[in-house]
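# Notes for the structure review
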Amino acid sequence: MLPKIMPISKLVTLPISQKEVRVYAFKIAEEKILLLNKNSSEEELEDVLIELIQSKTEDVNVRSLTIVDIIVLLINIVDISRGLTRHFTYKCNKPMEDGKKCGTLIELDVDMANYSISNASENHKLVRVSDDIVCELEYPSYEEIRSLSPYKEDENEYIMRLYSKLIGAIYHGDDVHTDFTDEEVYEWALDLPHKALKEFEDFVMSIPTITVEYDVRCPKCGTTDHYKVNNIIDFFIYDTQTKM
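For the structure given in this document, a descriptive report is provided here. (Residues numbered from 1 in each chain as written. Predicted model: local features only at pLDDT ≥ 70, side-chain atom pairs only at ≥ 80, totals over all residues. Heavy atoms only, no water.)

### Observations regarding unusual backbone geometry
The backbone of glutamine 18 shows a phi angle near 65 degrees, a positive value even though the residue is not glycine. As for its placement among the helices and strands, glutamine 18 is situated in the loop between β1 (9-13) and β2 (20-24). In this model, aspartate 59 sits at a positive phi of 60 degrees, which is unusual for a non-glycine residue. Mapped onto the elements of the fold, aspartate 59 is located in the loop between α2 (42-55) and α3 (67-82). Looking at aspartate 59, the relative accessible area reads 80%, which means it is exposed. (Helix = DSSP H or I, 4+ residues; strand = E, 2+ residues; numbered from the N terminus. Buried < 20%, exposed > 50% of the residue type's maximum accessible area, 1.4 Å probe, protein only.)

Listed below in structure tokens is the structure:
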């Protein structure tokens, strides 16, 4: 009988929830699932990815995490599966004196481990609504963001429903309200004063994001272009990419 291959794993501390979670490496068959679904719709690809991450994660409901925490899980799963270096081919498009573009192809390896979390701050904010009412805001989970999909066509409703998802608790004097339905808190949020809404907007703008930044220098003409990547997930689905 052939020996059993034990799965590779590591402990990861999530930046937003501060939970310590054990993750396991993808198997080859599981990585193929991503490749087979790379041309699916955005929501279908998200579903496949979330299910794969969930299957490689212990003791946590992945959908209940913020998007940043989920991406950090993915980064660490990919790291122990096949590493975080990705190969890219860039085409230099700088106009030359003869009117043509440089056209030099530049090969580059990018280490996705050099990611940064922007707007990293405490997942918590108190907003005073009135003299005796205070809201406690928290970053929305992936599941909460996904639930807003039906409202994308109406920007105003989408924003107000997003704001209502941020509310984790409402303090009224000595009373603390946490047991409310989505519709109850949405209807309540519609009566928020404009001053409070501005604080909600600021909190949304403070939600952390993950980016990778790097420079590409053309060896022929010396042009250096700076890249800032926000959609980290694409880099793990496509091993090799060409940037024209």
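### Regarding the side chain of lysine 165
With respect to the secondary-structure elements, lysine 165 resides in helix α5 (residues 155-166). Within the local environment of lysine 165, its side chain forms a polar contact with the side chain of serine 147, the two groups lying 3.4 Å apart. Beyond its immediate chain neighbours, meaning those up to four positions away, lysine 165 contacts Glu144, Ser147, Leu148 and Asp182. (Polar contact = N/O pair within 3.5 Å; in protein donor to acceptor, adjacent residues only side chain to side chain. Contact = heavy atoms within 4.5 Å.)

### Quick notes on the sheet that holds strand β5 (residues 115-118)
Read across the open sheet, the 3 strands follow the order β5-β10-β11; overall the sheet is antiparallel. Lying at the two open borders of the sheet, with one neighbouring strand each, are β5 and β11 (224-229). Strand-to-strand twist across the sheet, computed as the mean angle between neighbouring axes with direction ignored, equals 30 degrees. Taken together, the 6 bridges between strand β10 (residues 209-217) and β11 define a ladder with antiparallel strand orientation. Each residue of the ladder has a partner; that of valine 216, found in β11, is aspartate 225. Packed onto the sheet, α3 meets β5 and β10 and runs at close to 55 degrees relative to β10. (Pairing = 2+ DSSP bridges. Axes fitted to C-alpha atoms, helices over the stretch in contact; angles between N-to-C directions.)

### Observations regarding the pairing of β2
As defined by bridge partners, β1 adjoins β2 across 5 bridges and the pair is classed as antiparallel. Note on β2: the bridge partner recorded for lysine 10 is valine 23.

### Concerning the packing of α5 against helix α7 (residues 194-205)
The N-to-C vectors of α5 and α7 enclose an angle of 80 degrees; their axes lie 10 Å apart at closest approach. With respect to their mutual orientation, α5 and α7 come out roughly perpendicular. For the pair formed by α5 and α7, the contact residues are Met160, Leu162, Tyr163 and Leu166 on the first element and Leu197, Phe200, Glu201, Phe203 and Val204 on the second. Tallied by class, the residues present in the contact of α5 with α7 amount to 8 nonpolar, no polar and 1 charged. (Parallel < 35°, antiparallel > 145°, perpendicular 65-115°, else oblique. Nonpolar A, V, L, I, M, F, W, Y, C, P; charged D, E, K, R; others polar.)

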